[in-house]
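# Coordinates in review
One-letter residues, chain by chain:
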Amino acid sequence: ADLVSGCASGDIRVWDARTWTARPTADAHRSAMSALALHPRAPVIASGSRNNFIKVLSLDGEVVNLIRYHDGFLGSRIGPVSCLAFHPHQLVMAAGSTDSIVSIYTCGAKGAQVQQRRGA
């Protein structure tokens, strides 16, 4: 069984709950980390930053994906990340930002897709 911990400085650790030893992991962020989520079934962790990006990592600390702000017509709009959550059974992640935008990221046979909604 694994336990995941993170701190605002950007350090994420994956602990073996049986022996209380941490696996070696890289720093997820060089800036302040503002959100952390662990998928309940898939071996992935997502961490968000106030610097407008999200890193998706494997439990071994390898970067699986980096989601960041892209300018332009088809660019992905992401603000300072305030919360992250995974769907319990699918590879779907929601990210909330301080500018009232919620982004839904999905991963499937057609690749990654994004839907965004602005809150009230």
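Whatever comes next refers back to the structure up there.
Conventions adopted
- Residues numbered from 1 in each chain as written.
- Predicted model: local features only at pLDDT ≥ 70, side-chain atom pairs only at ≥ 80, totals over all residues.
- Heavy atoms only, no water.
- Helix = DSSP H or I, 4+ residues; strand = E, 2+ residues; numbered from the N terminus.
- Buried < 20%, exposed > 50% of the residue type's maximum accessible area, 1.4 Å probe, protein only.
- Contact = heavy atoms within 4.5 Å.
- Areas by Shrake-Rupley, 256 points an atom, 1.4 Å probe, with all protein chains shown as cover.
- Pairing = 2+ DSSP bridges.

### Comments concerning the overall build of the protein chain
Within the protein chain, the secondary structure is distributed over 0 helices and 11 strands. Reading the secondary structure of the protein chain in the N-to-C direction produces β-β-β-β-β-β-β-β-β-β-β. Looking at the protein chain residue by residue over its 120 residues, the buried ones come to 35%. In the protein chain, of all internal contacts separated by at least 6 residues, the share reaching a separation of at least 24 is 31%. Per element, the accessible surface of the protein chain, about 7400 Å² overall, is 55% carbon and sulfur.

### Notes on the pairing of strand 2 (residues 12-16)
A one-sided burial pattern is seen for strand 2, the buried positions being Ile12, Val14 and Asp16 and the unburied ones Arg13 and Trp15. Note that strand 1 (residues 2-6) and strand 2 share 5 bridges and pair antiparallel. In the strand pairing of strand 2, Ser5 is matched with Arg13. Taken together, strand 1 and the strand that follows it, strand 2, pair antiparallel across an intervening segment of 5 residues, in which Gly10 is found at a positive phi of about 105°. The pairing of strand 2 with strand 3 (residues 21-22) spans 2 bridges and is classified as antiparallel. Following the sheet pairing, Asp16 is matched in strand 3 by Thr21. Taken together, strand 2 and the strand that follows it, strand 3, pair antiparallel across an intervening segment of 4 residues, in which Trp20 is found at a positive phi of about 55°.

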